[in-house]
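Take a look at the letters that make up each chain.
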Amino acid sequence: MKTLILFVASLILGILSTKAQKTTTSSNSSTTVTVSVNEDEKNYHRSFAIIDMDNIFRIKVKFMESLQNDVKSYLIDQFGKDKMVIDSDTYLWSKEIDNEELYEVRLKENKLRINVNKELASDKLLKKFEQMGKELKSLTSKKDS
């Protein structure tokens, strides 16, 4: 009887795990989330990583192409159009202090890369980028329909 219950429970969990897959890896220095869902011919994918090391803070996001305008609008709200550089299909915001890069935000199609030099950045600026990471994670998440 126990074997039968264990078999049925394993079968149900196996079926549920084929519907949605979510991988989360966490450590003190990085967080990576990859989500893939296949429901009724609708595909959703996103890769999200935050890397927090001694001297650099990075956010890497690859998201659905349909969310590109939302992400671009969010970045324009955060950094402004006047500081934005457009090179073909790449949007770039950066700031330097004493000829050293403080931060760089690069959006190319459906890929976003943010690099922050923690040695030059203030605590307030680091908190801003950490908050942006949370908001970008939410923005690029699958919306409940």
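Calculation criteria
Residues numbered from 1 in each chain as written. Predicted model: local features only at pLDDT ≥ 70, side-chain atom pairs only at ≥ 80, totals over all residues. Heavy atoms only, no water. Salt bridge = Lys/Arg side-chain N within 4 Å of Asp/Glu carboxyl O. Helix = DSSP H or I, 4+ residues; strand = E, 2+ residues; numbered from the N terminus. Buried < 20%, exposed > 50% of the residue type's maximum accessible area, 1.4 Å probe, protein only. Phe/Tyr/Trp six-rings, centres within 6.5 Å; stacked < 30°, edge-to-face > 60°. Polar contact = N/O pair within 3.5 Å; in protein donor to acceptor, adjacent residues only side chain to side chain. Contact = heavy atoms within 4.5 Å. Pairing = 2+ DSSP bridges.

**Student:** Any chance you could explain the pattern of salt bridges here in plain terms?
**Tutor:** Once the charged atoms of two side chains with opposite charge are near each other, the side chains can pair. Evaluation of the coordinates by the stated rule reveals two salt bridges. One salt bridge connects aspartate 52 with lysine 118, and the closest N-O pair in it is separated by 2.6 Å. With a gap of 66 residues between them, aspartate 52 in strand β3 (residues 42-52) and lysine 118 in the loop between β8 (111-117) and α3 (123-139) connect regions that are remote in the sequence. By relative accessible area, aspartate 52 is classed as partly exposed at 27%. For the salt bridge of arginine 106 with glutamate 104, the shortest nitrogen-to-oxygen distance reads 3.3 Å.

**Student:** Would you explain the packing of aromatic side chains in this entry?
**Tutor:** The relative placement of two aromatic rings is captured by the distance of their centres and the angle of their planes. Considering all chains together, one arrives at four aromatic pairs under this definition. Ring plane angle 55° and centroid distance 5.3 Å describe the contact between tyrosine 103 and phenylalanine 129, whose orientation is recorded as tilted. Linking tyrosine 103 in strand β7 (residues 100-108) with phenylalanine 129 in helix α3, this pair joins segments that are 26 residues apart in sequence. Since its relative accessible area comes to 8%, tyrosine 103 is described here as buried. Three or more aromatic residues joined by ring pairs form one cluster here, namely Phe79, Trp93, Tyr103 and Phe129.

**Student:** Got a minute to help me understand the side chain of threonine 140 in this structure?
**Tutor:** Its location among the elements puts threonine 140 in the segment after α3. At 3.3 Å, the side chain of threonine 140 and the side chain of arginine 46 are in polar contact. Within the structure, threonine 140 has its side chain in polar contact with the backbone oxygen of lysine 137 (distance 3.4 Å). Those residues in contact with threonine 140, other than ones at most four positions away along the chain, are Tyr44, Arg46, Val61, Phe63, Leu67 and Val71.

**Student:** Hey, could you run me through the environment of methionine 84 in this one?
**Tutor:** With respect to the helices and strands, the residue methionine 84 is situated in the loop between α2 (68-79) and β5 (85-87). Taking the C-alpha atoms as reference points, methionine 84 and valine 105, separated by 21 residues in sequence, lie 9.6 Å from one another. Those residues in contact with methionine 84 that sit more than four places away from it in its chain are Ile76, Tyr91, Leu92 and Trp93.

**Student:** Even after reading the chapter, I still don't get the pairing of β7, so can you show me in this structure?
**Tutor:** The side chains of a regular strand alternate, first on one face of the sheet and then on the other. As defined by bridge partners, strand β6 (residues 90-97) adjoins β7 across eight bridges and the pair is classed as antiparallel. In the strand pairing of β7, serine 94 is matched with glutamate 104. Counted along the chain from β6 to the antiparallel partner β7, the turn is two residues long, and its residue aspartate 98 has a positive phi close to 50°. Both β7 and β8 contribute to a ladder of six bridges, which runs antiparallel. Within β8, the residue paired with tyrosine 103 across the bridge is valine 116. Taking the residues that link successive antiparallel strands as the turn, the β7-β8 hairpin has two residues, and the phi of glutamate 109 there is positive, at about 55°.

By themselves, these are just geometric observations and shouldn't be taken as functional.
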